[in-house]
Protein chains: 2
Amino acid sequence: MADTDVLVIGGGIGGLGNAYALASGGHRVRVLERSPAFTEVGAGLQLAPNATRVLREWGLLDEVLDAGVQPRRLVLKDAVDGTELTSLEFDKGFTARYGAPYVVIHRTDLLDILHRACLRAGVDLRAGHEVRDLTVDDRGVRADGEHEADAALAADGLWSSLRSRLTDDTPICSGYVAYRGALPVSEVTGVDADALTDVVVHFGPGCHLVQYPLRRGEMLNTVAVFASPGYQRGDADWGGPEELDAAFAGTCPAVQRGLAWLWRDRRWPMYDRLPTDTWVDGRLALTGDAAHPMLQYLAQGACQALEDAHCLAGEAAKRQHAEPADWPEILAAFARSRSARTARVQSTARIWGELWHCDGLTRSLRNALLTGRALDDYQYVDWLYLD
Amino acid sequence: MADTDVLVIGGGIGGLGNAYALASGGHRVRVLERSPAFTEVGAGLQLAPNATRVLREWGLLDEVLDAGVQPRRLVLKDAVDGTELTSLEFDKGFTARYGAPYVVIHRTDLLDILHRACLRAGVDLRAGHEVRDLTVDDRGVRADGEHEADAALAADGLWSSLRSRLTDDTPICSGYVAYRGALPVSEVTGVDADALTDVVVHFGPGCHLVQYPLRRGEMLNTVAVFASPGYQRGDADWGGPEELDAAFAGTCPAVQRGLAWLWRDRRWPMYDRLPTDTWVDGRLALTGDAAHPMLQYLAQGACQALEDAHCLAGEAAKRQHAEPADWPEILAAFARSRSARTARVQSTARIWGELWHCDGLTRSLRNALLTGRALDDYQYVDWLYLD
């Protein structure tokens, strides 16, 4: 018998979330992460109530709240003229409706919290281990000849190499690229006050800027995203900083100022894949971005990975009477339960991207529609936050 | 001294409207129309309150109401799925707000009413006379060496030859073509009941269909408009009936049925021009489509021509103490008074065309915006109907 029930390949937010949830349910879990440490380059991320409900059930919400910020609201503005179009108030009514708060947090901080939680739960965490060979058969899984388990989870992200065992698609480039920056507030001057308390999104033709506070308000997080003309031309090297400035040339001063707080030495081209429900091959299942990579316009990448982890642990718990555990059935039930919802999130994220980046008549219609929205109209998020 | 004060070149709705208004104000008017009779090929047209107010002031509204129909409402529907998006109720509130009713009428009937009114007012009506030469100088105007007057109005329509004396533009083809049909209701089967009482507009991607009753409900008027792929390809002959059927292939059954009631042996390619305020050269002024041809999406072509006529006669009346009448100043005042408004109508008509014919995300936004509109929200028409 193997000394491990579940092998998790990938130690990002999804991998550690799964490991923690399964370990808390009494399963023996080992995580193999190819990086030398459980850390990640990145900046802020958003945790909507569908994710913070999971974190609270896991007993981790207080740590998340301590490390992050509860913004007052999500504000949507037009990047060209700077007008506020609408907002989603994160007030008591919001928290009551969705049963949990909206939180923004540094990606590193969330990863640290999950890492510590895994350690407390007895997860076997192994960094610096890249899986080169995974055998999956009727009896179990084996990674690189040494790590044996009853089941494996591929939590290896957008560029998942394990996904190619199930489907032959490749990531689809949106032609958009993101620049990020997370700086101490003390290093930032001239930022609009609301960006220090709210999630502020400015959307413009072919570009947008997102800003929000991190670490109890001590940091400002900025993300700028734009359609690369170099990508459209077919350039090998596209999306460079010179394109960044040009893409935002027509935006209002508040947006232009925001560009100063971006790291210019790295960038993230934005990819997704089309939805698939081919997530499971016997004792191997895809999870998180490996299963359903999405564009970031709904800010749901991490949230859906946490929902995955919660769901899978729940399917395992429902079947805990079986001895030995029927992992193929647990994994199949997980995929059945999750694939329609994540497909909708993937598809809707694409549409929201169009909505954010439109121009001309479409922009006029979008602005009219958002400006006319009642502040307590939740139709655009109920489906996502209520689950 | 000439026996005529004002020579009107063109005997369409705008020309006869001007002739009648000026003659009612005591001016001696002669109309030169190149066709052998004061008639016109066409089907229905819409008269919004900004036009019916003018007709009432002229004492012609009762005749118009007798010949036409007061529809119950304007209904906007999606041509693809057939859903009703919103409506503008032509109820007592509407009539009270705008001071006059909404009327649809056969083009021929309106022209007849204006023609009879001109005869009663003593207008000198001359059909079968195409103006080949117009002399305009400080002292007066002279057409073809025989028709002398103090001033001339070019009411010669979209393709105005007189306009070329003032500006060197040419009509701009939209690439859309209209098919029309006006049939006795007895010849029509299977039409939706609302098309016999309402103005029903179905808009779809690259196409739309408009239907409404005429002649006290005895006739059904149908207009189908679509973007011609042949025009896009640069074909010499474009917009034929085979394109008509293809353009509407994706529409709902109610729209498909409507295509049966179109004349297929003639069609109207749709043109406009960019706004200009160069309408006047001394004693010559452009009016109606010659001054501000527009796409038909606001159904304002005839309405704006009638507004022009009302305005010009008003400017003349304000200056009736001057002897002799200062026509250059009257015409200049008319152009000053009218050019900004008609420019807005021209520009907005183009945008409404985009709005009617959009697809994808833009269509979704449009439908959401219209579906959410309160039935007593008049923001989209106040600017146009209140004047």
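Cut-offs used in this document
Residues numbered from 1 in each chain as written. Chains lettered and ligands numbered in written order. Predicted model: local features only at pLDDT ≥ 70, side-chain atom pairs only at ≥ 80, totals over all residues. Heavy atoms only, no water. Helix = DSSP H or I, 4+ residues; strand = E, 2+ residues; numbered from the N terminus. Rg over C-alpha atoms; globule rule 2.2 N^0.38 Å. Buried < 20%, exposed > 50% of the residue type's maximum accessible area, 1.4 Å probe, protein only. Contact = heavy atoms within 4.5 Å. Areas by Shrake-Rupley, 256 points an atom, 1.4 Å probe, with all protein chains shown as cover. Lys, Arg positive; Asp, Glu negative; His and termini not counted. Charge placed at Lys NZ, Arg CZ, Asp CG, Glu CD. Least-squares fit on C-alpha atoms with pLDDT ≥ 70 in both. Expected span 1.5 Å × (residues − 1). Axes fitted to C-alpha atoms, helices over the stretch in contact; angles between N-to-C directions. Parallel < 35°, antiparallel > 145°, perpendicular 65-115°, else oblique. Left-handed = near helix turned anticlockwise from the far one by under 90°. Nonpolar A, V, L, I, M, F, W, Y, C, P; charged D, E, K, R; others polar. Polar contact = N/O pair within 3.5 Å; in protein donor to acceptor, adjacent residues only side chain to side chain. Domains from an automatic or database assignment. Buried area = accessible area lost by both parts, 1.4 Å probe. Salt bridge = Lys/Arg side-chain N within 4 Å of Asp/Glu carboxyl O. Pairing = 2+ DSSP bridges. Core = buried A, V, L, I, M, F, W, Y, C linked by side-chain atoms within 4.5 Å. pLDDT = per-residue confidence, 0-100. Phe/Tyr/Trp six-rings, centres within 6.5 Å; stacked < 30°, edge-to-face > 60°. Lys NZ or Arg CZ within 6 Å of the ring centre and 35° of its normal.

Draft legend 1. Structural context of the overall build of chain A. Within chain A one finds 12 helices and 18 strands. Relative to its length of 387 residues, chain A is compact, with a C-alpha radius of gyration of 21 Å against a globular reference of 21 Å. Structurally, chain A occupies a C-alpha span of about 65 × 50 × 40 Å along its principal axes. Here chain A holds 387 residues, and 59% of them are scored as buried. When contacts within chain A are restricted to residue pairs at least 6 apart in sequence, long-range pairs at least 24 apart make up 75% of them. For chain A, the exposed area adds up to about 15,500 Å²; of that, 49% sits on carbon and sulfur atoms. Of the charged side chains in chain A, 39 are positive and 54 negative; the average position of the first set lies 2 Å away from that of the second.

Draft legend 2. Representation of the environment of Arg120 of chain B in the model. Residue and element names in this part refer to chain B. One can find Arg120 in helix H5 (residues 107-120). Since its relative accessible area comes to 53%, Arg120 is described here as exposed. Linking Arg120 and Leu7, residues 113 residues apart in sequence, is a C-alpha distance of 18 Å. Not counting residues within four places of it along the chain, the set of residues in contact with Arg120 comprises Leu60 and Glu63.

Draft legend 3. Fine view of the relation of the copies chain A and chain B. Each copy superposes on the other: chain A lies on chain B with an RMSD of 0.0 Å after a rotation of 180 degrees and an axial shift of 0.0 Å. With respect to symmetry, the two chain copies, as superposed, fit the operation of a two-fold axis. Most of the interface of chain A is mirrored in chain B, where 100% of its interface residues are also at the interface.

Draft legend 4. Highlighting helix H11 (residues 360-371) of chain B. With 12 residues, H11 of chain B extends 16 Å between its outermost C-alpha atoms, agreeing within 8% with the 16 Å of an ideal straight helix rising 1.5 Å per residue. Within H11 of chain B the residues assigned to the buried category are Leu361, Thr362, Arg363, Leu365, Arg366, Asn367, Leu369 and Leu370 of chain B. Against the buried residues of H11 of chain B lie helix H10 (327-357) and helix H11 (360-371) of chain A together with strand S4 (73-78), strand S5 (84-89), strand S13 (199-204) and helix H10 (327-357) of chain B.

Draft legend 5. Examining unusual backbone geometry more closely. In the segment running from Glu323 of chain A into Pro324 of chain A, the intervening peptide bond is cis, with an omega of 0 degrees. As for its placement among the helices and strands, Pro324 of chain A is situated in the loop between helix H9 (301-318) and H10. Even without glycine at this site, Arg215 of chain B takes up a positive phi of about 45 degrees. For Arg215 of chain B, the position within the fold is in the loop between strand S14 (207-214) and strand S15 (219-227). Look at Arg216 of chain B: it is not a glycine, yet its phi comes out positive at around 55 degrees. Mapped onto the elements of the fold, Arg216 of chain B is located in the loop between S14 and S15.

Draft legend 6. Representation of the packing of helix H1 (residues 13-24) of chain B against H5 of chain B. Residues and elements named next belong to chain B. Two numbers describe how H1 lies on H5: the axes approach to 9 Å, and their chain directions differ by 25 degrees. With respect to H5, the axis of H1 lies roughly parallel. Considering how the two elements wind past one another, H1 and H5 form a crossing that is left-handed. Across the interface between the two elements, Ile13, Leu16, Gly17, Ala19 and Tyr20 from H1 touch Arg107, Leu110, Leu111, Leu114, His115, Ala117 and Cys118 from H5. Tallied by class, residues from the contact of H1 with H5 come to nine nonpolar, two polar and one charged.

Draft legend 7. Spotlight on the side chain of Thr287 of chain A. Residues and elements named next belong to chain A. Of note, Thr287 is situated in the loop between strand S18 (284-286) and H9. A relative accessible area of 2% places Thr287 in the buried class. A polar contact is formed between the side chain of Thr287 and the side chain of Asp308, at a distance of 3.4 Å. Beyond its immediate sequence surroundings of up to four residues, Thr287 is in contact with Asn18, Leu153, Ala154, Ala155, Asp308 and Phe334.

Draft legend 8. Representation of the domain arrangement of chain A within the structure. Residues and elements named next belong to chain A. Segmentation of chain A into domains returns domain 1 (6-70 + 107-170 + 274-355) and domain 2 (172-272 + 360-385). Of note, the centres of domain 1 and domain 2, computed from C-alpha atoms alone, are 27 Å apart. The partner domain 2 presents 27 residues to the 35 residues of domain 1 that form the contact. Between domain 1 and domain 2 the total buried area reaches about 2,600 Å² when both faces are included, carbon and sulfur atoms providing 59% of it. Across the contact surface, domain 1 and domain 2 share two salt bridges.

Draft legend 9. Spotlight on the sheet that holds strand S16 (residues 268-272) of chain B. All names here are of chain B. The seven strands lie next to each other as S5-S4-S13-S14-S15-S12-S16, forming an open sheet whose pairing is mixed. Bordering the open sheet on either side are S5 and S16, each of which pairs with just one other strand. Geometrically, the sheet is characterised by an average inter-axis angle of 20 degrees between neighbouring strands, direction not taken into account. With eight bridges joining them, S14 and S15 adopt antiparallel strand pairing. Following the sheet pairing, Tyr212 is matched in S15 by Asn221. The strands touched by H10 are strand S12 (172-184), S13, S14 and S16; relative to S14, the strand with the most contacts, the crossing angle is about 105 degrees. Strand contacts of H11: S4, S5 and S13, with the helix running at about 45 degrees to S5, the strand carrying the most contacts.

Draft legend 10. Seen up close, the nonpolar core. Ranked by size, the top nonpolar core spans 232 residues in total, and within it Leu47 and Trp58 of chain A together with Leu47 and Trp58 of chain B carry the most contacts. Not counting residues up to four positions away in its chain, the partners in contact with Trp58 of chain A are Gly17, Tyr20, Ala21, Leu114, Leu306, Ala309 and His310 of chain A.

Draft legend 11. Broad picture of the sheet that holds strand S5 (residues 84-89) of chain A. All names here are of chain A. In spatial order, the strands read S5-S4-S13-S14-S15-S12-S16; together these seven strands make up an open sheet with mixed pairing. Both edges of this open sheet fall to S5 and strand S16 (268-272), since each of them pairs with a single strand only. Sheet twist, expressed as the mean angle between neighbouring strand axes with direction ignored, is 20 degrees. Across four bridges, strand S12 (residues 172-184) lies against S16 in antiparallel orientation. Considered in S16, the bridge of Ile172 is made with Asp272.

Draft legend 12. The interface of chain A and chain B, seen in detail. On the side of chain B, nine residues touch chain A, which itself brings nine residues to the contact. Here chain A and chain B share an interface that buries about 920 Å² over both sides, 86% of which is from carbon and sulfur atoms. The tally of links from chain A across to chain B stands at zero salt bridges. Counting every contact that joins chain A to chain B gives one residue pair in polar contact (both at pLDDT 80 or more). For the side of chain A that touches chain B, the leading source of residues is H11 of chain A, giving six residues. Of the residues assigned to the side of chain A that touches chain B, the class counts are six nonpolar, one polar and two charged.

Draft legend 13. How the structure looks around the confidence of the model for chain A. Here chain A shows a mean pLDDT of 95. Residues at 70 or above account for 100%. The ipTM value of the predicted complex is 0.78, and its pTM value is 0.86.

Draft legend 14. Representation of the packing of aromatic side chains in the model. Tallying each qualifying case throughout the model produces 32 aromatic pairs over all chains. Aromatic pair Tyr179 of chain B and Phe226 of chain B: ring centres 6.1 Å apart, planes at 20 degrees, arrangement stacked. Placement of the pair is Tyr179 of chain B in strand S12 and Phe226 of chain B in strand S15, with a sequence separation of 47 residues. Pairing Tyr297 of chain B with Trp356 of chain B gives two aromatic rings, centres 5.6 Å apart and planes at 70 degrees, and the pair type is edge-to-face. Taken together, the residues Tyr297 of chain B in the loop between strand S18 (284-286) and helix H9 (301-318) and Trp356 of chain B in helix H10 connect sequence positions 59 residues apart. Given the relative accessible area of 8%, Trp356 of chain B is considered buried. Chaining the aromatic ring pairs together yields one cluster made of Phe90, Phe94, Tyr98, Tyr102, Tyr378 and Tyr385 of chain A. For the cation-ring pair, Arg180 of chain A lies above Trp268 of chain A, with the distance from its terminal atom to the ring centre recorded as 4.8 Å. Over the aromatic face of Trp263 of chain A sits the side chain of Arg266 of chain A, whose NZ or CZ is 4.8 Å from the ring centroid.

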